[in-house]
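Descriptive analysis of the structure
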Amino acid sequence: MKRLGIAALLAAAGLALAGCSEVTNAVDQTNKAATKVGACAEALSLADLNPDPATIKERAADKEKRLRELANSVGEQNVASALTGMADSYLQVQKENIQDAGKIADWTKRNLDRLDALRKVCA
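Heads up: these notes are all about the structure in this document.

Definitions and limits used
Residues numbered from 1 in each chain as written. Predicted model: local features only at pLDDT ≥ 70, side-chain atom pairs only at ≥ 80, totals over all residues. Heavy atoms only, no water. Salt bridge = Lys/Arg side-chain N within 4 Å of Asp/Glu carboxyl O. Helix = DSSP H or I, 4+ residues; strand = E, 2+ residues; numbered from the N terminus. Buried < 20%, exposed > 50% of the residue type's maximum accessible area, 1.4 Å probe, protein only. Contact = heavy atoms within 4.5 Å. Phe/Tyr/Trp six-rings, centres within 6.5 Å; stacked < 30°, edge-to-face > 60°. Core = buried A, V, L, I, M, F, W, Y, C linked by side-chain atoms within 4.5 Å. Axes fitted to C-alpha atoms, helices over the stretch in contact; angles between N-to-C directions. Parallel < 35°, antiparallel > 145°, perpendicular 65-115°, else oblique. Left-handed = near helix turned anticlockwise from the far one by under 90°. Polar contact = N/O pair within 3.5 Å; in protein donor to acceptor, adjacent residues only side chain to side chain.

Here we come to the pattern of salt bridges. Per the stated rule, a full pass over the model turns up seven salt bridges. Lys 36 is the partner of Glu 76 in a salt bridge, and the nearest nitrogen-oxygen pair spans 3.5 Å. Within this pair, whereas Glu 76 is found in the loop between α2 (56–73) and α3 (77–95), its partner Lys 36 is found in helix α1 (residues 2–46), the two being separated by 40 residues in sequence. The exposure class of Lys 36 is buried, given its relative accessible area of 16%. Put simply, Glu 42, Arg 66 and Glu 69 are held in one network by salt bridges that share partners.

Set out below in structure tokens:
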């Protein structure tokens, strides 16, 4: 009788632990989703859709840094890759002579393409 009670207690403990594991997994998934949503929302707000040639270079370094931080914070590789692509775009802007209207238009087009890729993986 005593063995039956111990067996029942162990079985109950096993079920409780299994339930804890499921709850932990659910919480982890929720946290990952929240991180993804937050990273995507912030990245979309950083995007320059109509860049000001006078300030784009000075703002690009901060945007590049923040996009890389966001890429490192998300667990999904496709989202991280899209964020890194956007960061690379801001790195490119820092290296180019972006005062030329044609170069600004080209950069804006590439940036919109990368932004579209981000939107797709964030959906």
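Okay, the environment of Leu 115 next. For Leu 115, the location among the structural elements is in helix α4 (residues 101–122). Separated by 32 residues in sequence, Leu 115 and Leu 83 have C-alpha atoms that sit 8.8 Å apart. Among residues more than four places away in sequence, those in contact with Leu 115 are Leu 44, Ala 47, Leu 49 and Met 86.

What follows concerns the packing of aromatic side chains. According to the stated counting rule, one finds one aromatic pair in the structure shown. Summarising the aromatic geometry, the rings of Tyr 90 and Trp 107 are spaced 5.4 Å apart at their centres and angled 70° between planes, so their arrangement reads as edge-to-face. Of this pair, Tyr 90 sits in helix α3 while Trp 107 is found in helix α4, placing the two residues 17 residues apart along the sequence. As far as burial versus exposure is concerned, Tyr 90 and Trp 107 are alike and both buried.

Here we take up the nonpolar core. Judged by nonpolar contacts, the single largest core of 26 residues is most densely connected at Leu 67, Leu 70, Leu 83 and Leu 118. At the level of elements, α1, α2, α3 and α4 are the ones that each hand at least two residues to this core. Considering every element that reaches this core, the biggest residue donor is α3, with eight residues. Once you skip the residues sitting within four places of it in the chain, Leu 118 turns out to touch Ala 43, Leu 44, Val 79, Ala 82, Leu 83 and Met 86.

This part covers the side chain of Ser 89. Position of Ser 89 among the secondary structure elements: in helix α3. For Ser 89, a relative accessible area of 0% gives the class buried. In this view, Ser 89 contacts Trp 107, Asn 111 and Arg 114; residues no more than four positions away in its chain are not counted.

Our focus in this paragraph is the packing of α2 against α3. Direction vectors running N to C along α2 and α3 enclose 160°, while the axes themselves pass 8 Å from each other. One element, α2, and the other, α3, form an angle in the roughly antiparallel class. Handedness of the α2/α3 crossing: left-handed. The segment α2 lies against α3, with Ile 56, Lys 57, Ala 60, Ala 61, Lys 63, Glu 64, Leu 67, Arg 68, Leu 70 and Ala 71 engaging Ala 80, Leu 83, Thr 84, Met 86, Ala 87, Asp 88, Tyr 90, Leu 91, Val 93 and Gln 94.

Note that Asn 111 resides in helix α4. Polar side-chain contacts of Asn 111 include one of 3.3 Å to the side chain of Ser 89. Once you skip the residues sitting within four places of it in the chain, Asn 111 turns out to touch Asp 48, Ser 89 and Tyr 90.

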